[in-house]
Amino acid sequence: MSSPSAGKRRMDTDVIKLIESKHEVTILGGLNRFCVKFYGPKGTPYEGGVWKVRVHLPEHYPFKSPSIGFINKIYHPNIDEISGTVCLDVINQAWTALYDLSNIFESFLPQLLTYPNPIDPLNGDAAAMYLHKPEEYKKKVQDYARKYATEEALREQENQAVSSGSESSMSDFSEDETQNMEL
């Protein structure tokens, strides 16, 4: 196992690599807490939507998986509508130090939005609608994207956060919340 300083170097390198990529990153509290602007995958009902995804890198990253959550609302079987918590097995159980942050935003999340898993839902209503009323599900996803996942909606949310004195409703994870949100 690597030394703590090697883990810290890897964390810094991964965050800097993400910042230098096509992703818009907002640092919240050092390089271990930040938000990433995430665009809905083409060819899905999420296309055209833009979300802010909150990332917290634990002390033992990359050996321990990051915690992520959607800040603005998204309708999906594997994402809790209220907290934004994401249920994604590749992060929850299969995370390995071979993965990095770009895997999350360029592979794992796009795949999750493209191919929801209604058998293991965090949002039971979305899972049932996805399985039994797919056209209604698609319409509801698109309605959410239009209402909550636009540049204008993000600006409005940021303005509300500034006026209320917090970054977002998920700005300060407690230790329990961080562990519950691990991918």
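Residues numbered from 1 in each chain as written. Predicted model: local features only at pLDDT ≥ 70, side-chain atom pairs only at ≥ 80, totals over all residues. Heavy atoms only, no water.

1. A closer look at the layout of surface pockets
For step 1, the next point in the chain: Roughly 200 Å³ of internal volume is contained in the second largest pocket.
For step 2, the next point in the chain: In terms of lining, the second largest pocket is formed by Lys22, His23, Glu24, Lys37, Phe38, Tyr39, Gly40, Pro41, Lys42, Phe105, Glu106 and Pro110.
For step 3, the next point in the chain: Classifying every residue of the lining of the second largest pocket gives five nonpolar, two polar and five charged. (1 Å grid on protein atoms, 1.4 Å probe; cavity = no way out; pocket = protein on both sides within 12 Å on 5 of 7 lines; lining within 4 Å. Points joined across faces, edges and corners; volume = space filled by probe spheres on them. Nonpolar A, V, L, I, M, F, W, Y, C, P; charged D, E, K, R; others polar.)

2. What about the environment of Lys147?
For step 1, the next point in the chain: Here Lys147 shows up in helix 5 (residues 134-148).
For step 2, the next point in the chain: Separated by 73 residues in the primary sequence, Lys147 and Ile74 have C-alpha atoms spaced 9.8 Å apart.
For step 3, the next point in the chain: Within the local environment of Lys147, its side chain forms a polar contact with the side chain of Tyr148, the two groups lying 3.5 Å apart. (Helix = DSSP H or I, 4+ residues; strand = E, 2+ residues; numbered from the N terminus. Polar contact = N/O pair within 3.5 Å; in protein donor to acceptor, adjacent residues only side chain to side chain.)

3. A look at helix 5
For step 1, the next point in the chain: Under the 1.5 Å per step criterion, the end-to-end length of helix 5 is 21 Å for 15 residues, consistent within 8% with the ideal 21 Å.
For step 2, the next point in the chain: Those residues of helix 5 that fall on the buried side of the exposure criterion are Tyr137, Val141, Tyr144 and Ala145. Looking down the long axis of helix 5, one finds its buried residues gathered within 100° of arc, a one-sided arrangement. Looking at helix 5, the residues exposed on the side facing more than 90 degrees away from the buried face are Glu135, Lys139, Arg146 and Lys147.
For step 3, the next point in the chain: Contact partners of the buried residues in helix 5: strand 3 (50-56) and helix 4 (124-132). (Expected span 1.5 Å × (residues − 1). Buried < 20%, exposed > 50% of the residue type's maximum accessible area, 1.4 Å probe, protein only. Arc of directions from axis to C-beta. Contact = heavy atoms within 4.5 Å.)

4. Quick notes on the UniProt feature "active site" (unreviewed entry) in the chain
For step 1, the next point in the chain: The residues that UniProt annotates with the feature "active site" (unreviewed entry) are Cys87.
For step 2, the next point in the chain: If you trace the backbone, Cys87 turns up in the loop between strand 4 (67-70) and helix 2 (89-92).
For step 3, the next point in the chain: On the basis of relative accessible area, Cys87 is assigned to the buried category, the value being 14%.
For step 4, the next point in the chain: The residues contacting Cys87, other than those within four sequence positions of it, are Asn78, Asn92, Leu112, Asp120 and Leu122. (UniProt positions renumbered as here; feature names shortened; annotations may be inferred.)

5. Observations regarding the packing of aromatic side chains
For step 1, the next point in the chain: Applying the stated criterion across every chain yields a total of 11 aromatic pairs.
For step 2, the next point in the chain: Centroid distance Phe38 to Phe105: 6.4 Å. Interplanar angle 55°. Geometry classified as tilted. Of the two residues, Phe38 is situated in strand 2 (residues 33-39) and Phe105 in helix 3 (residues 101-114); the sequence distance between them amounts to 67 residues. In terms of burial, Phe38 and Phe105 fall into one category: buried.
For step 3, the next point in the chain: Taken together, a centroid distance of 6.4 Å and an interplanar angle of 80° make the contact between Trp51 and Phe70 edge-to-face. Taken together, the residues Trp51 in strand 3 and Phe70 in strand 4 connect sequence positions 19 residues apart.
For step 4, the next point in the chain: Taking relative accessible area as the criterion, Trp51 reaches 1% and is therefore assigned buried.
For step 5, the next point in the chain: Assessed through its relative accessible area of 1%, Phe70 is described here as buried.
For step 6, the next point in the chain: An aromatic cluster is built from Phe38, Tyr46, Trp51, Phe70 and Phe105, whose rings are joined through pairwise contacts. (Phe/Tyr/Trp six-rings, centres within 6.5 Å; stacked < 30°, edge-to-face > 60°.)

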